Amino acid sequence: MVRMSRIWKLYLIYTILLVAGMTLVGFVLEDQLKEKLFEHLQENVTTLGEVLARILPDTEDSSEIRDFCETFAKIAGVRLTVLNSEDGKVLGDSEESDIIGKSRLERPEIQRALKGKRGFAIRYSETVQADMLYAALDVKEKKRIIRLGMPMSKIKLFQNDVMILFSLALFMAPVIAMILSFFLAKYKIYQGDKNATG
């Protein structure tokens, strides 16, 4: 009976330490995971923009540019806008034909892209009535700007799916830790008894 109480005391200590450690690690990793997911998404959107820049039709025909936007927006699952880089006027958009000819030069993602930086912005879109992540790419050789938009709701849904899996792993980890700590405590008691009698 004394031996069992020693096992349970050690088991309790190991379990508390392991669960506390894993909880702390979980909180730290959760923020880092969200940040990495967002960075990864930005990289993917940038790569998509670079691919679209290569096949962007070099034309002034707005109907051809609009067809291009609509076709590839459906394939990629994003909003796609093509602008003139000199005046910021919209040449084609996958969502709205009313904005063709209107300037979007003042948009933060466009301004960053024209300065040679990564043109990202999260803001509310009056056109689609939703918070959007925008990525803009300056296609200098064609004097065009490609802008991709993705609803933040879609991004948050993806993040939530990943976080559910992460939370499940965090929940299972202490259970496994408790089992391991029990056997570790039992082993320590066994070794202590063996050394005492040996």
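Everything below is about the structure printed above this text.
About the cut-offs
- Residues numbered from 1 in each chain as written.
- Predicted model: local features only at pLDDT ≥ 70, side-chain atom pairs only at ≥ 80, totals over all residues.
- Heavy atoms only, no water.
- Pairing = 2+ DSSP bridges.
- Helix = DSSP H or I, 4+ residues; strand = E, 2+ residues; numbered from the N terminus.
- Axes fitted to C-alpha atoms, helices over the stretch in contact; angles between N-to-C directions.
- Contact = heavy atoms within 4.5 Å.
- Salt bridge = Lys/Arg side-chain N within 4 Å of Asp/Glu carboxyl O.
- Buried < 20%, exposed > 50% of the residue type's maximum accessible area, 1.4 Å probe, protein only.

How would you sum up the sheet that holds strand 5 (residues 144-151)? Please name residues and give values.
Strand order in the open sheet formed by five strands is 2-1-5-4-3, with antiparallel pairing between adjacent strands. If you trace the sheet from one side to the other, it starts and ends with strand 2 (90-93) and strand 3 (119-125), each paired once. In this sheet, neighbouring strand axes are inclined to one another by 25° on average, regardless of whether the strands run parallel or antiparallel. Two elements, strand 3 and strand 4 (residues 130-139), share seven bridges in a ladder whose sense is antiparallel. What sits directly across from R123, in strand 4, is M132. Packing of helix 2 (residues 62-76) onto the sheet brings it into contact with strand 1 (79-84), strand 2 and strand 5, and relative to strand 1 it is tilted by some 150°.

Lay out the pattern of salt bridges with the relevant residues and their values.
Applying the stated rule across the entire model yields nine salt bridges. Of the charged contacts in the structure, one is a salt bridge between K36 and E39, with a shortest N-O distance of 3.9 Å. In this pair, K36 and E39 both sit in helix 1 (residues 2-55), three residues apart, roughly one turn of the helix. What makes E39 partly exposed here is its relative accessible area of 35%. The partner of D93 in a salt bridge is R79, with the nearest N and O atoms 3.2 Å apart. Here the residue D93 occupies a position in strand 2, and R79 occupies one in strand 1, the gap between them amounting to 14 residues. Take D93 and R79: they sit in the same class, and that class is buried. Connected through salt bridges with shared partners, the residues E109, R123 and R147 form a single ionic network.

Read these as spatial facts, not as claims about activity.
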